[in-house]
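Structure assessment
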Number of protein chains: 2
Amino acid sequence: MRTEISSLGEFGLIDHLTRNNETANAGTLLSVGDDAAVIDQFGRQCVISTDMLVEGIHFDLMYTPLKHLGYKAVAVNLSDIYAMMATPTHITVSIALSNKVSVEALEEFYEGIYAACERYGVDLVGGDTTSSRSGLVISITAIGEVAPDKYVTRSGARPNDLICVTGDLGAAYLGLQLLEREKKIFLENPGVQPDLQQQAYLVGRILKPEPRMDVVEWLRENNIMPTSMIDVSDGLSSELLHLCNKSDTGCVLHEDKIPAHEETRAMAMQFGLSVTTCALSGGEDYELLFTIGQEHYERISQYAHVSVIGYMTEKDQGRYLVTKSGGKHPLTAQGWNAFDQ
Amino acid sequence: MRTEISSLGEFGLIDHLTRNNETANAGTLLSVGDDAAVIDQFGRQCVISTDMLVEGIHFDLMYTPLKHLGYKAVAVNLSDIYAMMATPTHITVSIALSNKVSVEALEEFYEGIYAACERYGVDLVGGDTTSSRSGLVISITAIGEVAPDKYVTRSGARPNDLICVTGDLGAAYLGLQLLEREKKIFLENPGVQPDLQQQAYLVGRILKPEPRMDVVEWLRENNIMPTSMIDVSDGLSSELLHLCNKSDTGCVLHEDKIPAHEETRAMAMQFGLSVTTCALSGGEDYELLFTIGQEHYERISQYAHVSVIGYMTEKDQGRYLVTKSGGKHPLTAQGWNAFDQ
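Residue numbering note: each chain is counted from 1, following its sequence as written. Written order decides the labels, with chains lettered from A and ligands numbered from 1. Only residues with pLDDT of at least 70 are given local features in this predicted model, and only at 80 or more are side-chain atom pairs given and counted; all residues enter the totals for whole chains, interfaces and linings. Only hydrogens and water are removed before side-chain values are computed, so all heavy atoms of the structure are retained for them.

Concerning the overall build of chain A
When you go through chain A residue by residue, the secondary structure sums to 10 helices and 13 strands. When a residue's accessible area, from a 1.4 Å probe over protein chains only, is under 20% of the maximum for its type it is buried; when over 50% it is exposed; and in between it is partly exposed. Buried residues in chain A amount to 57% of all 341 residues. We call two residues in contact when some of their heavy atoms are within 4.5 Å. The contacts of chain A with a sequence gap of at least 6 include a subset with a gap of at least 24, amounting to 83%. Residue-level accessible areas treat just the shown protein chains as cover; the underlying method is Shrake-Rupley with a 1.4 Å probe. Surface exposure of chain A reaches about 13900 Å², of which carbon and sulfur atoms provide 48%. Only four residue types enter the tally: Lys and Arg on the positive side, Asp and Glu on the negative side; His and the chain ends are excluded. The atoms used to mark charge sites are NZ of Lys, CZ of Arg, CG of Asp and CD of Glu. Averaging the positions of the 26 positive and the 46 negative side-chain charges in chain A gives two centres separated by 3 Å. Think of it this way: any DSSP run of H or I at least four residues long counts as a helix, any run of E at least two long counts as a strand, and we number them from the N terminus.

In structure tokens form, the structure reads like this:
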């Protein structure tokens, strides 16, 4: 018997492989299935997350400067730690690379790693460097800490909780489309130098995402404890459905509340894309999606970095997007699937 | 300017890339440059290690059963945690794989992962699964714990300390030679089925290494605190030089004390290799190499799983191998170099 991996998809595959995973250590508070795992270490809680980035799948070295790649590889891991409302403290970095890569190129990559470490107060404490017959593979593990039982999972949302998202969505996806378009033009006419200065915001969002440390700190300072949280790596739609599935709720999402940058709107129009589709299915925004009790509405609505975009409902009420025209459409996951390529 | 990675070698490269690595967190007790990092978490100490295995570099799927590969990938990481005298508690597993791999094949791989987790009382708590355009890449991070300041680094050996090694050496290297020979025969005559039953010990040593949890527990029970420790992944010679370099000592290693299994001796003869060379430069034995004070000589010499193979000296006395015939040869690192291929 042979089952194709693509028939299960990324999330199905992880569920399948870990379905018999029994944890033996009493200190394992949260295992596979959230943004990060949580381990109790004699009262303090340690949060662990890991991500792998593969050349040709997650990045294209033709338009990704190595320094940005190093920075982003760290940033996306830290984003998972912040999505637990924890504080990252340490990372390990493993890379497999071909002999074609020079020491100078690798130094640039590490400059990016160190820049992200410095920005977020994290220490690089270990790793592995080995050779690869093909492209560059980067694997980073991030470790963080959180006060006992102050971490936030994907499973605590309740009906009537407000759905909130940080920053704006869809920009990273359009940044990627821009880079892909310029790459195509360059390959066809090597004389033409791309001018992406005008699109610094969109390109910056795909090449150098920043995890939302600021929002996590603001929530803590304001004693707002989200009931559930996840980071937006695969698109708003897919992430919101994760929260609903894990929390056993339905949801209503208001299209007119989904935050988008003005450059995102302008570029979506240029590409003939709906800005809502870019937000729902684009991915790589690395914003935080979370739910809070209604009692926090006033406080949160005054905070510029967060938008309230809907509310959770009872599970049997379904999961819907209410469009600007008032239509009601079932939400479907169209997030990026690593095995669809 | 372009510097080839091969001009630095694996260790040189890591040193080079981490030379400006400053640690910001007071809790970072030990960073890059040992078997694992050590983080202080409010009194308890957390030990972290990571390893990457790449198809075509570290393993050949033609003769590596996937279940064994999963088991070994975990085992080699736990070996690094034991080499700190710590106890592994958790792992994360990230893999990049091509669509050619079936779900059933991946299940076999995870069976091996879970078998190792169960054997060593470790929980799998997270990971990442993604696609790869080429071969299989596995990245595992292991986390362990140790009582405050009871971890053992590479840098504490003193002149006159006894040099000890667990189990026997050189078998994994000969096991690999056997598998490579059988592969060649098979490729030339696909009808010939290899019979490796006679060499179960050697083949087992390369395909399914076991980290020395038993020896670490024995040392703890007997209140023997090694002054330095490292696991033997690259060959005795290279590992002993690491201990000397980090501890600022010289050493005398006695060839006639280096432990080898009788099947290792027989197969070395068949291949026309010196069993000492296999032990010094073969690698992948995953035994523990450590130093202890002379006061422990009597106790350790009665323990079947450890051999005393030499002693540390002052740095200016050099690093030597004393051969069976009484000759004195400088020790040189000829360990496996991932970039020499």
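Remarks on the packing of helix H2 (residues 66-82) of chain A against helix H3 (residues 103-120) of chain A
All names here are of chain A. Close contact between H2 and H3 brings their axes to 6 Å; oriented N to C, the two are set at 35°. Two packed elements cross with a definite hand, and for H2 against H3 that hand is right-handed. Mapping the contact onto sequence places Leu66, Lys67, Leu69, Gly70, Tyr71, Val74, Leu78 and Tyr82 in H2 and Ala105, Glu108, Phe109, Glu111, Gly112, Ile113, Ala115, Ala116, Arg119 and Tyr120 in H3. In this classification, Asp, Glu, Lys and Arg are treated as charged, Ala, Val, Leu, Ile, Met, Phe, Trp, Tyr, Cys and Pro as nonpolar, and every other residue, Gly included, as polar. Per-class residue counts for the contact of H2 with H3 are 12 nonpolar, two polar and four charged. Angular values range over 0 to 180 degrees, each being the angle between N-to-C directions of two axes fitted as lines to C-alpha atoms, with helices fitted over their stretch in contact. It is the rotation of the near helix from the far one that decides the hand of a crossing: anticlockwise by less than a right angle makes it left-handed, clockwise makes it right-handed.

What about the domain arrangement of chain A?
Residue and element names in this part refer to chain A. Along its sequence, chain A is carved into domain 1 (5-146) and domain 2 (162-330). Throughout, the edges of the domains are those of an automatic or database domain assignment. For domain 1 and domain 2, the distance between their C-alpha centroids amounts to 22 Å. Two parts lose some accessible area (1.4 Å probe) when they are put together, and adding that loss for both gives the buried area. Of the roughly 2300 Å² buried between domain 1 and domain 2 on both sides combined, carbon and sulfur atoms contribute 62%. Should a side-chain nitrogen of Lys or Arg be within 4 Å of a carboxyl oxygen of Asp or Glu, the pair is scored as a salt bridge. Put simply, domain 1 and domain 2 have two salt bridges between them. Residue Glu284 pairs with Lys72 through a salt bridge whose shortest N-O separation is 2.9 Å. Polar contact is defined as a pair of N or O atoms within 3.5 Å, subject to the rule that within protein one atom must be able to donate a hydrogen and the other to accept it, and that residues adjacent in sequence are counted only when both atoms are side-chain atoms. Inspection of the domain 1/domain 2 interface yields nine residue pairs in polar contact (both at pLDDT 80 or more). Listing elements by their share of the side of domain 1 that touches domain 2, those giving two or more residues are H2 and H3. At nine residues, the largest contribution of residues to the side of domain 1 that touches domain 2 is made by H2.

Here's the deal with the sheet that holds strand S8 (residues 228-231) of chain A
All names here are of chain A. The strand order across the open sheet built from seven strands is S8-S10-S7-S11-S9-S12-S13, with neighbouring strands paired in mixed fashion. The strands lining the two open edges of the sheet, one partner per strand, are S8 and strand S13 (328-330). Each neighbouring strand pair of the sheet contributes to a mean axis angle of 25°, computed without reference to strand direction. Any two strands with at least two DSSP-identified bridges between them are counted as paired. Inspection of the sheet shows strand S12 (residues 319-322) paired to S13 by three bridges, in the antiparallel sense. Note on S13: the bridge partner recorded for Val322 is Lys328. The strands touched by helix H6 (residues 213-221) within the sheet are strand S7 (162-166), S8, strand S10 (288-292) and strand S11 (306-314), with S10 carrying the most contacts at an inclination of about 15°.

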